[in-house]
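# A look at the structure
Okay, here's what each chain looks like letter by letter:
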Amino acid sequence: MAGQEHEDTADPAAVKRHPALFRTIRQRRNPKLRRSDITVTDEAAVKRAVKAASLGNAMEWFDFGIYSYLAVTIGHVFFPSGNSTVELLSSFATFAVAFLVRPLGGMFFGPMGDRIGRKKVLALTMIMMAIGTFAIGLIPSYASIGFWAPVLLIFFRLVQGFSTGGEYGGASTFIAEYAPDKRRGFFGSFLEFGTLAGYIGAAGLVTALTAALGSDAMQAWGWRVPFLVAGPLGLVGLYLRLRLDETPAFQKLESDTAQVSEAADSVEITTREDLARIFRQYWPSLILCVALVGAYNVTDYMLLSYMPTYLSDELGYSETHGLLILLAVMAFLMLIINQVGKLNDRFGRKPLLMAGMLGFFFLSLPAFLLIKGGGIPAITAGVLMLGLSLVCLLGTMSSALPALFPTEVRYGSLSVGYNLSASLFGGTTPLVITGLIGLTGDNLMPAYYAMAAALVGVIAVACMKETAQRPLDGSPPSVATEAEAVELVGSQTPEPRF
């Protein structure tokens, strides 16, 4: 490209007189790919990587899903009895507190993942996440130990949030760096397939337990079961991650720069330097990442986390009915999310992201009017309208975001940008919406909030570059077969002239 720019700015007559000279300049600035420069992916290895990364993501959203769906119960168990709105706000504030430390987790784990490797850090975040969730299921109630109950709850929520800070950036980087360039959207969509699976697992388990045990037993002990399930799930995820090799892109980076992990006592200094470099050199991409993730997270949490509470607390439906509707819509989204991944590989990331953002901007108000109108068909239609907009973002974001940053700072930059945005706009969504409804008395506040977020998203998508079917910045081209590699090398050789 640089050679082409030079030729474009040169005197056309000079280019015509000295074609060989300008061709040499262009070739030196853009050297031809050799076969050894191209990564041919092992499909079995790609599938193992996708499975391990997606399971961790599923567990993350299983953890956060069960907390969201049990928000009312947790408010009763861990906070002093009294005003039900105060209990709910306390519960959502504890939900949001985990998001306050996510940027710290991202700043700690992200640069470490760029330095010592994606695999080691993803194994560590999996262990911490499982411990934090499992421990919540063991905390005694406020009635048993008083003040210490909410203190312990907040502590283990902080452990969850800190570990989650290194999870999404690492998992999406892991899949993006393993996948071939032409199928990165398809394989990346499995990460959010894991998100939906985690939510469905949480919603299904909470719904089944509530139906089987009843409200009293759920409040007494049944709420603990979903949290305790996270222990065995975490061990399975850890086993899968430890079996993986490091990503080809990171291995290539290591061999090119001859970088090896240094002693543990120097990691803190290096992390600080890496963070300074990210904010100094990559701030435009970082701002774009924060805007995209902010719009995506507000709409995501509004639909997948807050909706059951909205249906039960604001509109008076039973918790079970609200969860069942959301469960059915999410199951449908799971069926189509990989098709969205294929579509963004074919048509580009920007068209799919723009469709999702515009969907939320134009459909949020009609959807909430349908939901507010009542009746199972109307509520289902409203939630489905929002769900179809969300799946355009879910199926595309995990391949679009890693492409914003070069390989040497990808994990760190994405973790910092993603978690800053998730902290400011994601986890606070239920709390902000509940507060706005209480302040204004307007049950359509969730729609207005989603529309504002979508408007930011539209601007961000318009500003981003298209990255579909292209190599990741700082990484060699990645193809699925040897034949593709040969074709790619051959495509650079001009046709002989006679």
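Read on for a plain summary of the structure.

Thresholds applied
Residues numbered from 1 in each chain as written. Predicted model: local features only at pLDDT ≥ 70, side-chain atom pairs only at ≥ 80, totals over all residues. Heavy atoms only, no water. Salt bridge = Lys/Arg side-chain N within 4 Å of Asp/Glu carboxyl O. Helix = DSSP H or I, 4+ residues; strand = E, 2+ residues; numbered from the N terminus. Buried < 20%, exposed > 50% of the residue type's maximum accessible area, 1.4 Å probe, protein only. Core = buried A, V, L, I, M, F, W, Y, C linked by side-chain atoms within 4.5 Å. Contact = heavy atoms within 4.5 Å.

For the rest of this paragraph, the subject is the pattern of salt bridges. Scanning the entire structure with this criterion turns up six salt bridges. Glutamate 43 serves as the salt-bridge partner of arginine 183, at 3.9 Å between the closest nitrogen and oxygen. Of this pair, arginine 183 sits in the loop between α11 (167–178) and α12 (184–222) while glutamate 43 sits in helix α4 (residues 43–69), and the two are 140 residues apart along the sequence. Note on arginine 183: relative accessible area 31%, which makes it partly exposed. On the basis of relative accessible area, glutamate 43 is assigned to the partly exposed category, the value being 39%.

With 112 residues, the main nonpolar core has Met307 and Leu401 as its most contacted residues. For this core, the element with the most residues is helix α16 (residues 283–314), which contributes 16 residues. Not counting residues within four places of it along the chain, the set of residues in contact with methionine 307 comprises Met302, Phe368, Ile371, Val383 and Leu386. Formed by seven residues, the second largest nonpolar core is a distinct cluster that contains Met59, Ala123, Ala230 and Leu238.

The next subject is the side chain of threonine 173. With respect to the helices and strands, the residue threonine 173 is situated in helix α11. Since its relative accessible area comes to 0%, threonine 173 is described here as buried. Setting aside residues no more than four positions away along its own chain, threonine 173 makes contact with Arg118, Pro402, Arg410, Tyr411 and Leu414.

Along the chain, the position of valine 290 falls in helix α16. The sequence separation of valine 290 and valine 416 amounts to 126 residues, and the corresponding C-alpha distance is 9.0 Å.

All right, on to the environment of leucine 363 then. When you line up the elements, leucine 363 lands in helix α18 (residues 349–373). According to the relative accessible area criterion, leucine 363 is partly exposed, its value standing at 31%. Those residues in contact with leucine 363 that lie beyond four places of it in its chain are Met385 and Ser389.

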